[in-house]
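Chain and residue survey
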Amino acid sequence: MGDDSEWLKLPVDQKCEHKLWKARLSGYEEALKIFQKIKDEKSPEWSKYLGLIKKFVTDSNAVVQLKGLEAALVYVENAHVAGKTTGDVVSGVVSKVFNQPKAKAKELGIEICLMYVEIEKGESVQEELLRGLDNKNPKIIVACIETLRKALSEFGSKIISLKPIIKVLPKLFESRDKAVRDEAKLFAIEIYRWNRDAVKHTLQNINSVQLKELEEEWVKLPTGAPRPSRFLRSQQELEAKLEQQQSAGGDAEGGGDDGDEVPQIDAYELLEAVEILSKLPKDFYDKIEAKKWQERKEALEAVEVLVKNPKLEAGDYADLVKALKKVVGKDTNVMLVALAAKCLTGLAVGLRKKFGQYAGHVVPTILEKFKEKKPQVVQALQETIDAIFLTTTLQNISEDVLAVMDNKNPTIKQQTSLFIARSFRHCTSSTLPKSLLKPFCAALLKQINDSAPEVRDAAFEALGTALKVVGEKTVNPFLADVDKLKLDKIKECSEKVELVHGKKSGLAAEKKESKPLPGRAAASGAAGDKDTKDVAGPKPGPLKKAPTAKAGGPPKKGKTTAPGGSASAGTKNKKGLETKEIVEAELSIEVCEEKASAVLPPTCIQLLDSSNWKERLACMEEFQKAVELMERTEMPCQALVKMLAKKPGWKETNFQVMQMKLHIVALIAQKGNFSKTSAQIVLDGLVDKIGDVKCGNNAKEALTAIAEACMLPWTAEQVMSMAFSQKNPKNQSETLNWLSNAIKEFGFSELNVKAFISNVKTALAATNPAVRTSAITLLGVMYLYVGPSLRMIFEDEKPALLSQIDAEFQKMQGQSPPAPTRGISKHSTSGTDEGEDGDEPGDTGNDVVDLLPRIEISDKITSELVSKIGDKNWKIRKEGLDEVAGIINEAKFIQPNIGELPTALKGRLNDSNKILVQQTLNILQQLAVAMGPNIKQHVKNLGIPVITVLGDSKNNVRAAALATVNAWAEQTGMKEWLEGEDLSEELKKENPFLRQELLGWLAEKLPTLRSTPTDIILCVPHLYSCLEDRNGDVRKKAQDALPFFMMHLGYEKMAKATGKLKPTSKDQVLAMLEKAKANMPSKPSAPAKAVSKPMGGLAPAKAQPIPAPVEDSVSSTIEPKPDLKKAKAPGVSSKAKSAQGKKVPSKTTLKEDDDKSGPIFIVVPNGKEQRMRDEKGLKVLKWNFTTPRDEYIEQLKTQMSSCVAKWLQDEMFHSDFQHHNKALAVMVDHLESEKDGVISCLDLILKWLTLRFFDTNTSVLMKALEYLKLLFTLLSEEEYHLTENEASSFIPYLILKVGEPKDVIRKDVRAILNRMCLVYPASKMFPFIMEGTKSKNSKQRAECLEELGCLIESYGMNVCQPTPGKALKEIAIHIGDRDNAVRNAALNTIVTVYNVHGDQVFKLIGNLSEKDMSMLEERIKRSAKRPSAAPVKQAEEKPQRTQNINSNANMLRKGPTEDMSSKLKIMYRTYRIQARSMSGHPEAAQMVHREFQLDLDEIENDNGSVRCEMPELVQHKLDDIFEPVLIPEPKIRAVSPHFDDMHSNTASTINFIISQVASGDINTSIQALTQIDEVLRQEDKAEAMSGHIDQFLIATFMQLRLIYSTHMADEKLDKDEIIKLYSCIIGNMISLFQIESLAREASTGVLKDLMHGLITLMLDSRIEDLEEGQQVIRSVNLLVVKVLEKSDQTNILSALLVLLQDSLLATASSPKFSELVMKCLWRMVRLLPDTINSINLDRILLDIHIFMKVFPKEKLKQCKSEFPIRTLKTLLHTLCKLKGPKILDHLTMIDNKNESELEAHLCRMMKHSMDQTGSKSDKETEKGASRIDEKSSKAKVNDFLAEIFKKIGSKENTKEGLAELYEYKKKYSDTDIEPFLKNSSQFFQSYVERGLRVIEMERESKGRIPTSTGISPQMEVTCVPTPTSTVSSLGNTNGEEVGPSVYLERLKILRQRCGLDNTKQDDRPPLTSLLSKPAIPPVASSTDMLHSKLSQLRESREQHQHSDLDSNQTYSAGTMTSSSSTTNIDDLKKRLERIKSSRK
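Residues numbered from 1 in each chain as written. Predicted model: local features only at pLDDT ≥ 70, side-chain atom pairs only at ≥ 80, totals over all residues. Heavy atoms only, no water.

Examining the overall build of the protein
In terms of regular secondary structure, the protein is built from 104 helices and zero strands. By residue count, 56% of the 2040 residues in the protein fall in the buried class. The long-range share in the protein, meaning contacts at least 24 apart out of those at least 6 apart in sequence, stands at 75%. A total of about 87,400 Å² of accessible surface is found on the protein, and carbon and sulfur atoms cover 52% of it. (Helix = DSSP H or I, 4+ residues; strand = E, 2+ residues; numbered from the N terminus. Buried < 20%, exposed > 50% of the residue type's maximum accessible area, 1.4 Å probe, protein only. Contact = heavy atoms within 4.5 Å. Areas by Shrake-Rupley, 256 points an atom, 1.4 Å probe, with all protein chains shown as cover.)

Observations regarding the packing of helix H33 (residues 637-645) against helix H35 (residues 676-689)
Interaxial distance between H33 and H35 falls to 9 Å at its minimum, and their mutual angle equals 10°. By the angle between their directions, the pair H33 and H35 is classed as roughly parallel. Mapping the contact onto sequence places Cys637, Gln638, Val641, Lys642 and Ala645 in H33 and Thr677, Ser678, Ile681 and Val682 in H35. Of the residues belonging to the contact of H33 with H35, the class tally is five nonpolar, three polar and one charged. (Axes fitted to C-alpha atoms, helices over the stretch in contact; angles between N-to-C directions. Parallel < 35°, antiparallel > 145°, perpendicular 65-115°, else oblique. Nonpolar A, V, L, I, M, F, W, Y, C, P; charged D, E, K, R; others polar.)

Here's the deal with the environment of leucine 950
Mapped onto the fold, leucine 950 is located in the loop between helix H47 (939-949) and helix H48 (955-972). For the pair formed by leucine 950 and alanine 960, sequence separation is ten residues and the distance between their alpha carbons is 8.8 Å.

Some words on the state of the cysteines
Here the structure, examined in full by the defined rule, presents zero disulfides. In this structure cysteine 1803 is a free cysteine whose sulfur lies 9.0 Å from that of cysteine 1776, the closest cysteine sulfur available. (Disulfide = S-S within 2.5 Å.)

Quick word on the nonpolar core
In terms of nonpolar packing, the biggest core is built from 101 residues, with Leu1741 and Ile1744 touching the most fellow members. Those residues within four positions of isoleucine 1744 in sequence are excluded, and the remaining contacts are Leu1697, Leu1768, Leu1771, Leu1772, Leu1775 and Leu1798. If you look at the next biggest cluster of nonpolar residues, it comprises 93 residues, including Ile1193, Met1200, Met1316 and Met1325. (Core = buried A, V, L, I, M, F, W, Y, C linked by side-chain atoms within 4.5 Å.)

Things to note about the environment of lysine 1302
Checked against the element boundaries, lysine 1302 lands in the loop between helix H69 (1291-1296) and helix H70 (1303-1316). Lysine 1302 gets classed as partly exposed once you look at its relative accessible area, which sits at 40%. For lysine 1302 and threonine 1258, which are 44 residues apart along the polypeptide, the C-alpha to C-alpha distance reads 9.5 Å.

Structural notes on the packing of helix H66 (residues 1242-1253) against helix H67 (residues 1258-1277)
Closest axis-to-axis distance for the H66/H67 pair is 10 Å, and the angle between their directions is 155°. Here H66 is positioned roughly antiparallel relative to H67, judged by the angle of their axes. H67 is crossed by H66, and the crossing has left-handed handedness. Residue-level inspection shows Leu1242, Ile1245, Leu1246, Leu1249, Arg1252 and Phe1253 of H66 in contact with H67, the latter providing Val1260, Leu1261, Ala1264, Leu1265, Tyr1267, Leu1268, Leu1271, Phe1272 and Leu1275. The residue inventory of the contact of H66 with H67, partitioned by class, reads 14 nonpolar, no polar and one charged. (Left-handed = near helix turned anticlockwise from the far one by under 90°.)

What to know about the side chain of glutamine 65
Looking at the secondary structure, you find glutamine 65 in helix H5 (residues 62-78). Excluding its chain neighbours within four sequence positions, the residues that come into contact with glutamine 65 are Phe56, Val57, Thr58, Asp59, Lys96, Val97 and Gln100.

Side note on the pattern of salt bridges
Following the criterion strictly, the structure yields 68 salt bridges and no others. With a shortest N-O distance of 3.4 Å, lysine 484 and aspartate 488 are connected by a salt bridge. In this pair, lysine 484 and aspartate 488 both sit in helix H27 (residues 484-496), four residues apart, roughly one turn of the helix. Since its relative accessible area comes to 61%, lysine 484 is described here as exposed. When its relative accessible area of 35% is taken as the criterion, aspartate 488 is described as partly exposed. Arginine 908 is the salt-bridge partner of aspartate 911, the closest N and O atoms lying 2.6 Å from each other. Residues aspartate 911 and arginine 908 agree in their burial class; the two are buried. (Salt bridge = Lys/Arg side-chain N within 4 Å of Asp/Glu carboxyl O.)

Description of the confidence of the model for the protein
Here the protein averages 74 in pLDDT, while 75% of its residues score no lower than 70. Throughout residues 1087-1154 the model reports pLDDT below 50, and contacts reaching past four residues in sequence, or to other chains, amount to 106 contacts. Low confidence marks residues 2003-2021, where pLDDT is under 50. Its contacts with residues over four positions away, or in another chain, come to 55 contacts. (pLDDT = per-residue confidence, 0-100.)

Some thoughts on unusual backbone geometry
What is expected of a backbone is that most residues other than glycine have negative phi and most peptide bonds are trans. Omega for the peptide link from glutamine 1361 to proline 1362 comes to -10°, which places this bond in the cis form. By secondary structure assignment, the location of proline 1362 is in the loop between helix H72 (1338-1355) and helix H73 (1364-1373). Phi is positive for methionine 711, which is not a glycine, with a value near 80°. With respect to the element layout, methionine 711 can be found in the loop between helix H36 (696-710) and helix H37 (712-725). Backbone geometry at leucine 1178 places phi at a positive 60°, although glycine is not the residue there. Its place among the elements puts leucine 1178 in the loop between helix H61 (1167-1176) and helix H62 (1190-1201). Residue classification places leucine 1178 among the exposed residues on the basis of a relative accessible area of 65%.

Focus on the packing of aromatic side chains
Scanning the entire structure with this criterion turns up 20 aromatic pairs. Taken together, the ring pairs in this structure connect Tyr28, Phe35, Tyr49, Phe56 and Tyr75 into an aromatic cluster. Lying across the ring of phenylalanine 655, lysine 694 places its NZ or CZ 4.4 Å from the centre. (Phe/Tyr/Trp six-rings, centres within 6.5 Å; stacked < 30°, edge-to-face > 60°. Lys NZ or Arg CZ within 6 Å of the ring centre and 35° of its normal.)

Some points on the side chain of arginine 24
Checked against the element boundaries, arginine 24 lands in helix H2 (residues 21-37). Classification of arginine 24 as buried rests on a relative accessible area of 10%. Beyond its immediate stretch of four places on either side in the chain, arginine 24 contacts Lys15, Cys16, His18, Lys19, Asp59, Ser60, Asn61 and Val64.

Here we look at helix H9 (residues 162-173)
Its twelve residues give H9 an end-to-end C-alpha distance of 17 Å, which sits within 8% of 16 Å, the value for a rise of 1.5 Å per residue. Among all positions of H9, only Leu162, Ile165, Ile166, Leu169, Pro170, Leu172 and Phe173 are buried. Down the axis, H9 shows its buried residues gathered within 155° of arc, on one side only. (Expected span 1.5 Å × (residues − 1). Arc of directions from axis to C-beta.)

Brief notes about the environment of leucine 1861
Structurally, leucine 1861 can be placed in helix H97 (residues 1854-1867). For leucine 1861, a relative accessible area of 0% puts it in the buried group. As for leucine 1861 and valine 1888, which are separated by 27 residues in sequence, their C-alpha atoms are 9.2 Å apart. Not counting chain neighbours up to four residues away, the residues in contact with leucine 1861 comprise Leu1841, Ile1844, Phe1845, Ile1848, Ile1873, Val1888 and Leu1892.

Observations concerning helix H85 (residues 1615-1634)
In this model H85 runs 28 Å from its N-terminal to its C-terminal C-alpha over 20 residues, within 8% of the 28 Å that 1.5 Å per residue would give. In terms of burial, H85 is a largely internal element, 17 of the 20 residues being buried.

Structural data, given as structure tokens:
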């Protein structure tokens, strides 16, 4: 044993991991100091502790853990790498800190969690804490809730996501534990502060009392928005700012911040959607049509109930809506109309947006129904239509609404107007554009003149609302003809209106916080996605407008689009994106004059409308000067332009004044914050003057300035519509010219072609040639940006005009658009995300295509036409094709639905007539152009067959096919072509033409793509075969394409794909790859990345030739993968491919070193279970293949990514085998240190190793097998059991390797298979190996057969699966194998069976051919000459079952302490099996004899897995089990002289000695026990045994069994030897169980077996017959008491319960055995009051539950004895009494506790105990907890006595009844049994009295010690042991209490006896004298007394050793001296001293 202080010399990080708590404490303290000193957060010192921090917080010692937590907190706060530890540490805190009783520990734990949140790891922390809420321990749940609450309170709901929390909140309110409920309440209050609606909604269904309490608390909360008090590291400056503000008393800032936060979660989102369609009554649709209104009502009521669910699951509600609509529209019963309306409301509210599709059908019906007068109907309909409005947009229902406005019924008009008013409230200026407002205003203006006042009022309200929403400026043009009175009324209404989105007037854009809507429908879901997104809009700079853009083709990668453009078709774009401009309301002329006069000279304003033009000119000059001098912020733009527009305004006749005016407008637009409101005032005038010869240029200048201020897309649209609403051709032509120029200056970004394409068409048709020319010029400019698709729109124009357009396009051909020079300074900031621009041409191209009317031609594709195309006659086929070409030409643009045409055309592509093939190809080209991008859907069924045509032998056909493929690809992009396996299948065809054309095409297309689908990897193997094709052209094309494949896939994947090539090919291909790698192009990046910001337009997009726009649109359609890739390696083109010449140097290597410090396997809680579930549910591929395909490898890689260190994973999946070797080396290094990690990732590790079995490299294979050997050794030490999943995905592949040609590999594989039997049952291994015998590889067959032989030899016939017969028949088949080795192996296996089972084998193997049979018989004869093999362990090996039986989940899960030698393991296993088969009945000795012996053989012969060289121990020859056992002389001494040299290490020395304890040689065993006693007796050395206790106990009870079954039966053995061995064993155990820390290490399973052994020993009648036997039994009695007292109380209680269960189950078990087990349990019950707090009640209750499951009440009552049921009741009664109602919280481990009999029983007990009063104090339990409670009611006592007398009266049980009555009287001496006797006969009374006397005498005589011992009479009394408390087989006690003085007296006598008279056994006081101690109930001093007694015992033992050591004394008082001689012991002592000194 080493010195205690050795650890002081260790470095800090090693101290932190030390097994001694003091060392760790010191380590943590030093680490804390180090952490506090390190100033640099990036110091490498931090990384050292990366893997240790979890251990800091999970330390098993509470004091040390506190210090560890302090250190961990400092670490997390200061270390830059701390984030990596989040998951581990927080889960450690949750499971190991939050359950600590110390408040300080919990505080620190919470602080650590909050610190992780602060360092930006909030999500991980939250995830772990939420997981902690599922823990069974309420303490942990409370702490988790508290932590979450604090985190939310301090950091706010932006950091702590409320959504997942709110979901689990209701569950917490249902908890049984009050503390959890209270904490949940506090948490709910905190959440309410941050989000009121969501939490309210979620908690609606909790207990009403709780809800009421909560609501009371909620009311008390302040109404203001809460603010976070603590900030993330990245927000620390914000914190500082906030503090400054607070100190300054300001509280202004930050409000906005939190403003967005409040509505962050919509309660609707948190709800579970309910599926209601299936729940509709089956006869619903019949009933709703029924004639009786009651039936219709029933049907509607059923729906009403269903639609009350707040969230409904999407589905097809069309029929239901139709039925309800019919009721609303047609039903005559108004009550039903209202009811149906309610149902529709419920549907709309529950489905939200998903109801939108039905809105159009329902709205007209509802509006029409407003003719009803009944208020309840009207109200219901109002609610319905309002709810429906929120599911759609005003745009979608506008036509229906407007249609009803002309209705004659005033009520309908009124209600419709009111609905419009309510709808407007939900709109904003952007969702209510002019185009939409105009028709509504027109309709409403009619109604303000209506005769009915209510209609007028409603119309006023609607107009007022519109005015409030969009501002006067927008509405005023529509109100031009309204008289002032009405206008005032409208304005008055406007002022009263309160908008949903904020209350400020104007454009409602300054503050648009989405306030929750009162009533059912919350605003967030309300106005539709479009609306809500717009609502949030103008507040931050650039507006997120993508959602509204319906025009764009492919989606825009989710980036925020820039201003303007793609407004939806109908809205005619009042929806421009106001990026920088200030949105302002229109001001009245008075306000404008006032504002203008503040900034302009007074004369200027007066002269504005002067009649003298010179004055006007002077005025303009002053105006201009004033504007030039004004600051941007001071300039009231709207006021100024209104002044300019003031009479004469734009009708100014003097051109000079007009020029000035226009110049001023341009100045204002440039210098001021010019809004669209201002622009709208002047645009009309500017357009009017644009054609003016003198003023035109100024007008254009002004327009350009406005376009710069308000964005070109918006301006262009306004200007074009104004120009073409006039008749002036000059204005039109100049407008078009201005626009052409503006597009060049501003770029085409966001321009909405649709908006003015009709105007361009009008212009082209104009009579004025100038207008036409301008239009054509504009088209030319647009062509630059849009590309050839623009021509499609104008194909219907006259040929002359079309030729002009073509000529213009021709001019533009090849030019690239100029870079924009304007419009970028203000607006491109962040709004115009450059990534977008690149995609723009494609988008607009698509816009243009969308404009065209597409014709449905499917009706023209008739079946006649299809049959023509497929006709046998080629001429008719040609006619058919001509017809198709005609149809497509005529239609020009067609819809994608083309009926059966694809299949017909596909057939023609392989037509024998090549002319028809070419014609078909031409038709397909036409089709691509006509169908446009929609052709995508036909790529698979038509496009791929075109590729097949590339293999045609005719050159012209191939050319046509290539042209067709290109035409298609231009429309579809490449993604469709590259997805799936089709392309790889084409490349696979060995057609040289096809290969070279296809590869050429790919080489052309791939470089233009930014990303490709992953399926492209499937082409690579075929590409490699093309590299070696016979055809030179194919090889060349393949080499050309290689770099482009690599560009997308990366070198790694490409190199990996060579793995399946032949070695020669592989080398060649790898050389080519290296070459290609050098000239690999980089991917085309998103255009914006290639261009600097000012270039922001589209230059790069057009840099390629004409197809560029299409390519670009393609790349934008392809999934946004490039972004992901870029994210991985910023700064380096995706995945650093561009720099891959030498792998990206510096950066990554640095990162790797950084990362390698941490653990390599990350423990993901429940990760393995989840993976198994996925595999079971077929979510992932099952690990089952002949050779691993790429998808398996990818799958494994993905699964590993979460739990294997990134750098290691890179090594593991590297294409180079040397990296695999590196990975294996690392895994070997980390095996010991990361046991938990290895076990949690075991399934993945084994799967990865199976992949290595398919590698060709031997060194990897050897290394993998080496690792596996170590791995399985570790797993068996950890008592791990392979799961079925792990076994089935690994063993079959391992068995493949058993057939390797190399000997060394086969040997390793066999060794691994051997070790696997320790972690996976041999019986389950058997089928796998059997499967291996079917291999084609003869070596594999032979090895598998041999392995089967070994399994049968080791584990008996039970391993044979499915049955021995079937298995042996299969093995016997191989006797006729053609390979000699296989034949021999099969014969040997069957001979093995023969040796065990004799001739029975011939029955099992069935009929063999003569030849085979003769071979077998010959072999059997030969084997008979040799000594027969050792007998077999005939017990099936079932490790998993064993584990359950012992309820031994925690067994042997020790940390890094030294492990059990695997020999003992095997012994233990077999022993466990025997113990089951015997279940404690002594008569089974002979059977055990045989099985047991083999164990010892195996132990002694197999030296494999013990760490040290072991001397060969005794071998036994057992020819026949019934012959006496001959133990030959040992060949060597048990402890060899060179012992010292062999065992330098303490742990392995102990292992070695322990293994000798179980030796078959008595002397060896005694010597080993003596050595262990040496260690145990020295307190400072006893520590060394820690970690070996289970191992030692196993060896000990193995030895006990060996004595019991073998030695005792051996007549030749001197029984004194056996007694001596018993003495040593018992003495050793007593020493061991004195040391409480060691005793507590014994696990449940081992304790169970120990107790089994000891009780069996006490009942062994053979011992009693020996002269020293009584003494041994008494010593065992003492030992059992020690075991019960000192072991871990949970473990021993559990062990006893399982033992009792087993003994009751075993039919052969003796009743005495069960009785003694129960007595032990009574003893435990008595100890309970003192030990209850240290017991894991949950586990005990689980054991009782299992017991009660096995033995239900009825079954227990059938037992002969009533003791089991009494024992169980007593135990439960005591537990209930001690724990009270809390005991019901400890049923957590029972799966379905509601069905448990135990729970019911406990509840009854609790109820009963509640009815009783008072509870006994501890002292009152002194008389023994097993007896009936003294305070229990008299009735109970009477029942009990009645039961006893019943027994006495029955013939069978009379003795038992008398014994019980005797016991009862002893216990309750004051009980009166007279009443029971007086009613009986005199004979019965005297029979009872006589019986009691007899029992008393019997027990007295049995319990009394012969008087010759000389013990005082007083002593005689106390020596009688108690069955109720002690595990004594001797009898009864008189129940008197004994004082301490008696013990002292007895001890004195003991000492005298020990020191003096050593001759006669009778003179020695029996150890039983000690036994009466337990008869005293545990009082305070009992333990002290015990200690003093033990020390006296020890002294007496030492005296013994100095006196002459006669063999008779060796067992006395548990001493363990060997009988050999004193010298022998001295010799041993010296040797031990030497060992110690050498180690020091």
